[in-house]
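# Observations on the three-dimensional arrangement
Residue-level listing of the chains:
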Amino acid sequence: MLGIMKAGYSEFKFDRFDVKAILMDMFAADTTSTTIEWIFSEILRHPRVMKKVQKELEQVVGMDKMVEESDLESLEYLNIIIKEAMRLHPVAPLLLPHHSIEDCMVDRFFIPKNSRVIINVWAVGRYPKVWTDAEKFLPERFCESNIDLRGRDFELIPFGSGRRGCPGMQLGLTIVHLVVAQLLHYFNWDLPNGMQPSELDMTEEFGVLVGRATHLIAIPTCRLKK
Ligand code: HEM
């Protein structure tokens, strides 16, 4: 896109604002909203977790004030909920296709130069040799582990890793934390028509991004004092 912009041969106006808008459209909006929808689905399926994170919000933020960005680093339980939901539901389960620029060995595997490399982070996140009770949503598993999701630990790479990892990771994580924290702080949430948490359909719809097959519907009631 920068090449097209610099060459100036497009028949329409194409400047930095257009490049930014296309990047936001292609990479930012859906990844962030889909991640939030999965996190919220897991929280609604686990009322114990919802109560615990709301308690944390009460203690850290207080019931008479809105959540601010500066509160986020103190919300430790929220942080591990988000890690756990992104382990089970990486929105780009195969990342973007990568291309090897030279021969290399990864563990025992030889990858010749010019190969297309697809990394299945969905399977890595559920690999039973790495994760105990891999299919279960257990945020507390991260209390005793330093595993991070920013690309340093290859067991958990929902943003990819290295030079071609997601450049919007910090922005994405801040939006996800803030939106989820605000929704849980301001409202209590119920499933519609007396649906039980265990009945919530978690079917995935496969594509470049993997979202819920049906959108999540939840009923809010006000929780804050003012
Ligand atoms: C929770 C939110 C997000 C998630 C889970 C996410 C995830 C990803 C993943 C998995 C990749 C592919 C990395 C790879 O193949 O190794 C990627 C690439 C990318 N992301 Fe994100 N992303 C998020 C938010 C954002 C935001 C907010 C922006 C921009 C403002 C952004 C911009 C990009 C761009 C430009 C690429 C392509 C990078 C390249 O090919 O070099 N992303 N993202």
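About the criteria used
Residues numbered from 1 in each chain as written. Predicted model: local features only at pLDDT ≥ 70, side-chain atom pairs only at ≥ 80, totals over all residues. Heavy atoms only, no water. UniProt positions renumbered as here; feature names shortened; annotations may be inferred. Helix = DSSP H or I, 4+ residues; strand = E, 2+ residues; numbered from the N terminus. Buried < 20%, exposed > 50% of the residue type's maximum accessible area, 1.4 Å probe, protein only. Contact = heavy atoms within 4.5 Å. Areas by Shrake-Rupley, 256 points an atom, 1.4 Å probe, with all protein chains shown as cover. Lys, Arg positive; Asp, Glu negative; His and termini not counted. Charge placed at Lys NZ, Arg CZ, Asp CG, Glu CD. Near = heavy atom within 4 Å. Polar contact = N/O pair within 3.5 Å; in protein donor to acceptor, adjacent residues only side chain to side chain. Nonpolar A, V, L, I, M, F, W, Y, C, P; charged D, E, K, R; others polar. pLDDT = per-residue confidence, 0-100. Salt bridge = Lys/Arg side-chain N within 4 Å of Asp/Glu carboxyl O. Patch = residues over 30% accessible without salt bridge, like charges linked within 9 Å, V, L, I, M, F, W, Y side chains within 5 Å. Phe/Tyr/Trp six-rings, centres within 6.5 Å; stacked < 30°, edge-to-face > 60°.

Naming follows an unreviewed UniProt entry, where the protein appears as Flavonoid 3'-monooxygenase of Heracleum sosnowskyi. Its UniProt record gives the protein the following Subcellular location (unreviewed entry) comment, quoted word for word: "Membrane". Recorded in UniProt under Cofactor (unreviewed entry), the annotation for the protein is "heme".

## Considerations on the overall build of the protein
Within the protein, the regular secondary structure consists of six helices and eight strands. For the protein, the sequential pattern of α-helices and β-strands runs α-α-α-α-β-β-β-β-α-α-β-β-β-β. For the protein, the spread of C-alpha atoms along the principal axes amounts to about 55 × 50 × 35 Å. Looking at the protein residue by residue over its 226 residues, the buried ones come to 41%. Considering only intrachain contacts with a sequence separation of at least 6, the fraction spanning at least 24 residues in the protein is 68%. Approximately 14100 Å² of the protein is accessible, and the part contributed by carbon and sulfur atoms is 58%. The average position of the 27 basic charges and that of the 31 acidic charges among the side chains of the protein differ by 2 Å.

## What about the UniProt feature "binding site: heme" (unreviewed entry) in the protein?
When the UniProt feature table is mapped to this numbering, "binding site: heme" (unreviewed entry) covers Cys-166. Topologically, Cys-166 is positioned in the loop between helix 5 (121-125) and helix 6 (169-186).

## Things to note about the site of the ligand
Neighbouring residues of the ligand: 23 residues in total, closest Leu-96, His-98, Pro-158, Arg-164 and Cys-166. The contact in question runs from an oxygen atom of the ligand to an N or O atom on the side chain of His-98, over 2.8 Å. The separation between an oxygen atom of the ligand and a polar side-chain atom of Arg-164 is 2.6 Å. Mapped by element, the contributors of at least two residues to the shell around the ligand are helix 2 (16-45) and helix 6. Counting residues per element, the shell around the ligand draws most heavily on helix 2, which supplies seven residues. The class makeup of the residues in the shell around the ligand is 15 nonpolar, seven polar and one charged.

## Brief notes about the confidence of the model for the protein
Here the protein averages 94 in pLDDT, and 100% of its residues register 70 or above. Here the predicted complex carries an ipTM of 0.99, next to a pTM of 0.92.

## Thoughts on the pattern of salt bridges
With the rule as written, the count across this model stands at 12 salt bridges. With a closest N to O distance of 3.5 Å, Glu-42 and Arg-45 form a salt bridge. With Glu-42 and Arg-45 both in helix 2, this residue pair falls three residues apart, about one helical turn. Residue class for Glu-42 comes out buried when judged on its relative accessible area of 2%. Ionic pairing is found between Asp-153 and Arg-152, a salt bridge with its closest N-O pair at 2.9 Å.

## A short note on a nonpolar patch on the surface
The grouping of Met-1, Leu-23, Met-26, Phe-27, Leu-96 and Val-208 at the surface amounts to a nonpolar patch, some 580 Å² of accessible area in total. On the secondary structure map, Leu-23 appears in helix 2. Residue classification places Leu-23 among the partly exposed residues on the basis of a relative accessible area of 38%.

## Section: the environment of Ile-4
Among the secondary structure elements, Ile-4 is positioned in helix 1 (residues 2-7). On a C-alpha basis, the gap between Ile-4 and Val-19 in space is 9.9 Å, while along the polypeptide they are 15 residues apart. Residues contacting Ile-4, with those up to four places away along its chain left out, are Tyr-9, Ser-10 and Phe-14.

## Remarks on the packing of aromatic side chains
Summed over all chains, the structure comprises five aromatic pairs. Where Phe-12 meets Phe-14, the ring centres are 6.3 Å apart and the plane angle is 80°; that geometry is what we call edge-to-face. Each ring, one from Phe-40 and one from Trp-189, has its centre 5.2 Å from the other, and the planes form 85°; the classification is edge-to-face. A residue pair is termed long-range when its members are at least 10 positions apart, and Phe-40 in helix 2 and Trp-189 in strand 5 (residues 187-190) qualify at 149 residues. Grouping aromatic residues by their ring pairs yields a cluster made of Phe-40, Tyr-186, Phe-187 and Trp-189.

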